[in-house]
Amino acid sequence: MRHFDLVIIGTGSGNSIPDEAMAGWQIAILEKGTFGGTCLNVGCIPTKMFVHTADQAAAPANAKKLGVDATLDAVHWPEIRDRIFNRIDPISAGGRNWRANENANVTVYEGTATFEDAHTINTGTGERITADRIVIAAGSRPSIPDVADLDTTGFHTSDTIMRLDELPESLIILGSGFIASEFAHVFSSFGVKVTVIARSNLLLRHEDLEVAERFTEIAKQKWDVRLQRKTIRAEKTANGVKLHMEGPDGAETVEAELLLVATGRRPNTDLLEVDNAGIETHPDGRIKVDEYQRTSQQHILALGDISSDYQLKHVANHEARVVKHNLLNPDDQIKSDHRFVPAAVFSSPQIASVGLTEEQAKAAGIRYVTASQAYASIAYGWAMEDTTGFAKLLADPATGQLIGAHIIGPQASTVIQPLIQAMSFGLDAKSMAQGQYWIHPAMPEVVENALLNLPLD
Ligand SMILES: Cc1cc2nc3c(=O)[nH]c(=O)nc-3n(C[C@H](O)[C@H](O)[C@H](O)COP(=O)(O)OP(=O)(O)OC[C@H]3O[C@@H](n4cnc5c(N)ncnc54)[C@H](O)[C@@H]3O)c2cc1C
Ligand SMILES: NC(=O)c1ccc[n+]([C@@H]2O[C@H](COP(=O)([O-])OP(=O)(O)OC[C@H]3O[C@@H](n4cnc5c(N)ncnc54)[C@H](O)[C@@H]3O)[C@@H](O)[C@H]2O)c1
């Protein structure tokens, strides 16, 4: 049985760990799917390439209010799809080739890995290997709800929907989180009739309540939004799919050509048979790690979606940097920093957030003040004729430290960055607002004005 200094399971953020400082180590990388993992192949990167294209497709409809008549002539789905994947697929193939053929100390095994014990792994390729240290970076996969006849009806997940042969006329999206909101924007902007089905009374209900309410109001104007629906059964029809639901007004059905299931993601722990290695897990299946990313077995570390509180690429990448450092510096280990983890929903409008929502601050009994500023009240907001966007801040009134920031509106994912910086480095709201120039008349003035509005002690 071959022995390695380090085994890495999963080629998403895990693939960033081997580097020149490990040139003397024998390393095995294990991957069951497409090299590069979720973000590159079926996640962040292709979705945002579709989102940007959707933003362009939606622009003519928004130009009318500016006095410009424009029309969307055509959406060439196969061309869009192929442009995106003809860029991504070679990156994945190149990454695989580099590791498999150009890294002398790295061996790539392409199979589904399972633990036999805390040092022995079955690579799923017919070969078993042992290792001194192991990194589990095996990610997550779509979680499929228990809806009768869903399997036999046929459905898409984010893994398959981006590679359709052609655009459907209509699409039902089951779920109301990140993936549902982003794909609803993409497909509706391309002319597909979109129905979004939510269990709760709001879309994106993990967001600050005012933000989720604003997003839901806007969504209802563009998509057929069905709230508070329990999906009971799926049925295959001559033209596609029918869902049977129960809602506030009793039983109802909805039909469309295709169904996208976007109801969360589950960690891939079950595939790994981690019990054989004595690795402890949370009730939801995530691997338990400490702040150094160590599992309950000190020589096994884990990172990213399989263990993290956050299913976000920038978090997986951060944790991978921590793991790399700790592997190289066992006597000088560093901790992961999860104090201020931001997230953005790349829908229309965009949403970005960091820190506590107002509801979380209240529930935690934290003393706070808030201020909101509408895009409509800053000069660039006038330029865009924006009527719905705003930035909402929460701060500690005594110290002026920011404890939460929530933005809904154009370029929210970019506009929020100075707030993430301020929170990460402990810059108080007054110093942040008054201690620097804010370019006039740019979008971050929405942040400057919200900071100035905070009723601090
Ligand atoms: C549609 C979509 C859009 C997203 N958009 C964003 C975004 O805009 N911004 C953002 O921050 N995050 C986004 N995410 C989340 C982000 O993609 C993930 O948080 C991130 O990719 C997780 O990285 P990871 O390294 O933990 O896992 P992954 O990248 O999933 O890598 C895990 C790898 O392990 C392999 N594997 C699993 N089990 C085994 C096994 N037993 N043996 C061998 N190999 C195995 C898998 O095949 C996979 O390649 C998105 C996710 C999705 C699905
Ligand atoms: N822009 C980004 O950063 C981005 C984009 C896409 C995905 N992601 C990551 O991927 C993860 C998965 O995305 P997601 O949208 O699948 O998950 P999510 O957790 O954002 O949303 C899941 C939604 O499905 C609903 N749901 C769960 N079970 C249901 C059921 N049986 N019937 C109806 N609705 C049900 C939940 O109430 C929730 O609204 C996200 O949590 C996020 O971390 C991030």
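By the naming in an unreviewed UniProt entry, the protein chain goes by Mycothione reductase and is assigned to Lentzea alba. Looking at the Sequence similarities (unreviewed entry) heading of the UniProt record, one finds this comment for the protein chain: "Belongs to the class-I pyridine nucleotide-disulfide oxidoreductase family."

Chemist: Which parts of the structure should I look at to understand the UniProt feature "domain: FAD/NAD(P)-binding" (unreviewed entry) in the protein chain?
Modeler: Taken from the UniProt record, the annotation "domain: FAD/NAD(P)-binding" (unreviewed entry) applies to residues 4–320. Overall, residues 4–320 shows 30% helix and 24% strand. The separation of its end C-alpha atoms is 19 Å.

Chemist: Even after reading the chapter, I still don't get the packing of helix 2 (residues 44–63) against helix 5 (residues 178–189), so can you show me in this structure?
Modeler: When two helices pack together, their arrangement is given by the angle between the helix axes and by the axis-to-axis distance. In the contact formed by helix 2 and helix 5, the axes pass within 8 Å of each other and the chain directions differ by 45°. Here helix 2 is positioned oblique relative to helix 5, judged by the angle of their axes. In this structure, helix 2 crosses over helix 5, and the sense of that crossing is left-handed. In contact with Thr47, Lys48, Phe50, Val51, Ala54, Asp55, Ala57 and Ala58 of helix 2, helix 5 contributes Glu182, Phe183, His185, Val186 and Ser189. Looking at the contact of helix 2 with helix 5 residue by residue, the classes come out as seven nonpolar, three polar and three charged.

Chemist: Teacher, can you tell me more about the site of ligand 1 here?
Modeler: Near ligand 1 lie 37 residues; those nearest to it are Glu31, Thr38, Lys48, Asp305 and Lys313. At 2.8 Å from an oxygen atom of ligand 1 is found a main-chain nitrogen or oxygen belonging to Ser13. Here an oxygen atom of ligand 1 sits 3.4 Å away from a polar atom, N or O, in the main chain of Cys39. Out of a free accessible area of 990 Å², ligand 1 has 94% covered by protein chains. It is helix 1 (residues 37–42) that contributes the most residues to the shell around ligand 1, four residues altogether. In the shell around ligand 1, the residues fall into 13 nonpolar, 18 polar and six charged.

Chemist: Teacher, can you tell me more about the packing of aromatic side chains here?
Modeler: By convention here, two paired aromatic rings are described through the distance between centres and the angle between planes. Enumeration according to the criterion identifies seven aromatic pairs in this entry. Relative to Tyr109, the ring of Phe4 has its centre 6.1 Å away and its plane inclined at 90°; by these criteria the two rings are edge-to-face. Here Phe4 is found in strand 1 (residues 2–9), whereas its partner Tyr109 is found in strand 3 (residues 106–110), with 105 residues between them in sequence. Neither Phe4 nor Tyr109 differs from the other in exposure class; each is buried. Residues Phe50 and Phe85 carry aromatic rings whose centres are separated by 6.3 Å and whose planes lie at 55° to one another, so their mutual orientation is tilted. Of the two residues, Phe50 sits in helix 2 while Phe85 sits in helix 3 (residues 77–102), which places them 35 residues apart along the sequence. Like Phe85, Phe50 is buried. Put simply, the rings of Phe50, Trp77, Phe85, Phe183, Phe187 and Phe190 pair up and form one aromatic cluster. Seen from the ring of Trp25, Arg133 lies directly overhead, with NZ or CZ sitting 4.5 Å from the centre. The ring of Phe85 carries Arg163 above its face, with NZ or CZ at 3.8 Å from the centroid.

Conventions we followed
Residues numbered from 1 in each chain as written. Chains lettered and ligands numbered in written order. Predicted model: local features only at pLDDT ≥ 70, side-chain atom pairs only at ≥ 80, totals over all residues. Heavy atoms only, no water. UniProt positions renumbered as here; feature names shortened; annotations may be inferred. Helix = DSSP H or I, 4+ residues; strand = E, 2+ residues; numbered from the N terminus. Axes fitted to C-alpha atoms, helices over the stretch in contact; angles between N-to-C directions. Parallel < 35°, antiparallel > 145°, perpendicular 65-115°, else oblique. Left-handed = near helix turned anticlockwise from the far one by under 90°. Contact = heavy atoms within 4.5 Å. Nonpolar A, V, L, I, M, F, W, Y, C, P; charged D, E, K, R; others polar. Near = heavy atom within 4 Å. Polar contact = N/O pair within 3.5 Å; in protein donor to acceptor, adjacent residues only side chain to side chain. Areas by Shrake-Rupley, 256 points an atom, 1.4 Å probe, with all protein chains shown as cover. Phe/Tyr/Trp six-rings, centres within 6.5 Å; stacked < 30°, edge-to-face > 60°. Buried < 20%, exposed > 50% of the residue type's maximum accessible area, 1.4 Å probe, protein only. Lys NZ or Arg CZ within 6 Å of the ring centre and 35° of its normal.

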